[in-house]
Amino acid sequence: MTPLQFLDNLLSLILALLRYNVLLTALAILLAFPIASLLALGRLSRYRVISYPIMAYINLLRSSPLLMVMFWTYYTFPMLVGGANLNVFYAALFALTAFEAAYFAEFIRAGIQSIHKDQRLAALATGLKPWQVSLHVIWPQAVHRMIPSLLTQSIIAFQDSTLASIIGLREVAQTTTIINSVQVKPIWMYSILAGLYLVLCLTLSRGVHRLERRTAKLLAV
Amino acid sequence: MGYKVQWSVLWDQPYRDWILEGLYLTIEISLIAWLFGLTIGILVGMLSESPRKPLAAVSACYVEVFRNIPLLVQLFFAYFVLPLLLPLHLRRHLYEIGWEWGSAVLTLSVYTSAKVTGHVRSGLNAVGSGLRQAALATGLTWWQMERWIVVPLLLRVIVPSITTEFLTVFKGSSLAMAVGVMETTYMTQRIGFQSFRWIEANTVGTVVYLLLAWAVAILMGIVERKVRVPGLLQRGYVVG
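Since the model is a prediction, treat every value here as computed from it, not as a measurement. (Residues numbered from 1 in each chain as written. Chains lettered and ligands numbered in written order. Predicted model: local features only at pLDDT ≥ 70, side-chain atom pairs only at ≥ 80, totals over all residues.)

### A closer look at the overall build of chain A
And step 1. Helix and strand counts for chain A stand at eight helices and zero strands.
And step 2. Reading the secondary structure of chain A in the N-to-C direction produces α-α-α-α-α-α-α-α.
And step 3. Principal axes of the C-alpha set define a box for chain A whose edges measure 70 × 50 × 25 Å.
And step 4. The proportion of buried residues among the 221 residues of chain A is 37%. (Helix = DSSP H or I, 4+ residues; strand = E, 2+ residues; numbered from the N terminus. Buried ≥ 20, exposed ≤ 12 C-beta atoms within 10 Å, placed from the backbone.)

### Thoughts on the interface of chain A and chain B
And step 1. Listed by partner, the interface residues are 30 residues for chain A and 31 residues for chain B.
And step 2. Elements with a minimum of two residues in the side of chain A that touches chain B: helix H2 (48-63), helix H3 (66-80), helix H6 (130-160) and helix H8 (186-220) of chain A.
And step 3. Top element by residues in the side of chain A that touches chain B is H8(A). It accounts for ten residues.
And step 4. Class assignment for the residues of the side of chain A that touches chain B results in 21 nonpolar, nine polar and no charged. (Contact = placed C-beta atoms within 7 Å. Nonpolar A, V, L, I, M, F, W, Y, C, P; charged D, E, K, R; others polar.)

### Let's talk about the packing of helix H1 (residues 3-43) of chain A against H2(A)
Residues and elements named next belong to chain A.
And step 1. Their axes nearest at 8 Å, the elements H1 and H2 cross at an angle of 130°. The pairing of H1 with H2 is recorded here as oblique in orientation. Between H1 and H2 the crossing geometry is left-handed. In this structure, H1 contributes Leu-39, Gly-42 and Arg-43 to the contact, and H2 contributes Ile-50, Ser-51, Ile-54, Met-55 and Ile-58.
And step 2. Among the residues forming the contact of H1 with H2, the class breakdown is five nonpolar, two polar and one charged. (Axes fitted to C-alpha atoms, helices over the stretch in contact; angles between N-to-C directions. Parallel < 35°, antiparallel > 145°, perpendicular 65-115°, else oblique. Left-handed = near helix turned anticlockwise from the far one by under 90°.)

### Describing unusual backbone geometry
And step 1. Residue Pro14(B) follows Gln13(B) across a cis peptide bond; omega there is 5°.
And step 2. Counting through the fold element by element, Pro14(B) comes out in the segment before helix H1 (15-46).
And step 3. Phi is positive for Val184(A), which is not a glycine, with a value near 50°.
And step 4. Here Val184(A) shows up in the loop between helix H7 (172-183) and H8.
And step 5. With a phi angle near 60°, Phe196(B) is a residue other than glycine that sits in the positive phi range.
And step 6. Tracing the chain through its elements places Phe196(B) in the loop between helix H9 (184-195) and helix H10 (198-227).
And step 7. Look at Phe196(B) and you get partly exposed, because 14 C-beta atoms sit within 10 Å.

### Some points on H2(A)
And step 1. Between its first and last C-alpha atoms H2(A) spans 22 Å; for 16 residues at 1.5 Å apiece the expected length is 22 Å, and the two agree.
And step 2. Buried within H2(A) we find Ile58(A), Leu61(A) and Ser63(A).
And step 3. Turning to H2(A), the residues buried within the fold contact H1, H3 and helix H4 (88-113) of chain A together with helix H8 (159-172) and H10 of chain B. (Expected span 1.5 Å × (residues − 1).)

### A word on H10(B)
And step 1. Between its terminal C-alpha atoms H10(B) stretches 43 Å, which fits the 44 Å expected from 30 residues at 1.5 Å a residue.
And step 2. Within H10(B), the full set of buried residues consists of Trp198(B), Ile199(B), Glu200(B), Ala201(B), Asn202(B), Val204(B), Gly205(B), Thr206(B), Val208(B), Tyr209(B), Leu212(B) and Val216(B).
And step 3. Contacts from the buried residues of H10(B) go to H2 and H3 of chain A together with H1, H8 and H9 of chain B.

### Brief notes about the nonpolar core
Generally speaking, soluble globular proteins have nonpolar side chains that are buried together.
Residues and elements named next belong to chain A.
And step 1. Of all hydrophobic cores here, the largest spans 113 residues; its most connected members are Met-70, Ala-95 and Leu-193.
And step 2. Per-element accounting of this core gives the leading share, 16 residues, to H4.
And step 3. Ignoring anything within four residues of it in the chain, the contact list for Ala-95 reads Leu-66, Val-69, Met-70 and Thr-73. (Core = buried A, V, L, I, M, F, W, Y, C linked by C-beta atoms within 7 Å.)

### Focus on the environment of Leu43(B)
Residues and elements named next belong to chain B.
And step 1. In this fold, Leu-43 is placed in helix H1.
And step 2. Residue Leu-43 is classed as partly exposed on the basis of its C-beta count, with 14 C-beta atoms lying within 10 Å.
And step 3. For the pair Leu-43 and Thr-117, spaced 74 residues apart in sequence, the C-alpha separation works out to 7.9 Å.

### As for the environment of Val143(A)
And step 1. With respect to the helices and strands, the residue Val143(A) is situated in helix H6.
And step 2. Sequence spacing of Val143(A) and Ala92(A) is 51 residues, and the spatial spacing of their C-alpha atoms is 27 Å.

Following this line, the structure appears as structure tokens:
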């Protein structure tokens, strides 16, 4: 592989990564967070009519492989609404959002539960209404604690976005395979792909790790 | 619309056999990968105890490299690239005896072992330096301390976080279909394409993974209760 070819291939992969994987992950995270917050609140609800179905949803999604969820959204759900074809990107987005929402919900629940009950009682005693206590006292502290684990999960979601290649999205892993089928340079192509992910995820997880230590120091006071 | 769910389809041949064959492969691949992953993970994790700095750094790098490359990319690497390091006749032989199966087991083992190594490393922190100093003060040698104090405690401390990885192995084995291993996910899609019974096929696939997860949760729950270390586990040792 000539240097020029190398750069050309690298550029193609980066473009595919930005256009599909990064976009897919970013949208999925943005959509999953509000959904997961509602799920976590419902999961902590006193009423079993609400908390049991949500618990079932979370456990179901957490024990299925993402690939299985993608097959549901890509092949099965469109059939239910009358055989309409769903765009691969939206199918992958739908699957990744539903999947990550279940994981996020558990982290958010853990964050909320890590705030001591006495704080709620103290805040209620000052005359705040229950929803004000949740929104202004519990939530801001809980968010602080759950952010590192949410970010770590987001990095995993970014890695998992490669699975969309199996249902046919032309993202970075599939682009690699396509370029390789023309140029037949498997060692180079898959090394570039692996290297790209390694550098990106390593940088991101280092950042999260530093944030985590800073938060731990902040909360230790 | 006019889609009628017919569960009996799944009991018709060849679908019944496909499901059973898929289930068998899922369990086989996962369990083998789990055994290798656990063993290698604990060994590489213990390297971080080594007083020799370069050896300790190996385990840190091991975790970072394999945790930060997507499992699918690792699988592609193992399937397409690794055989190229062999001479041609051996390579042909490798694909003939089923390298898709081998690469899936290899990838999943290495990926799991990297995760386990991470847990072992934080488990070693949880064991704490006070205990080590106490052990050395009683006159044990360094090696005896590792063998009789640190490792037995470590193995008990890491059980809860190991449970998560055990669950992840089964889910991860579904990726093997990308290189053509006919495990559960592959078989359910095959049934879907053959019969257009997508709902039935996907349901049975989802239920299989759900049952496997339950089985693991129950099994590890028993182990966890048996080996719990009072006082050590409550110290904010949360799986993240």
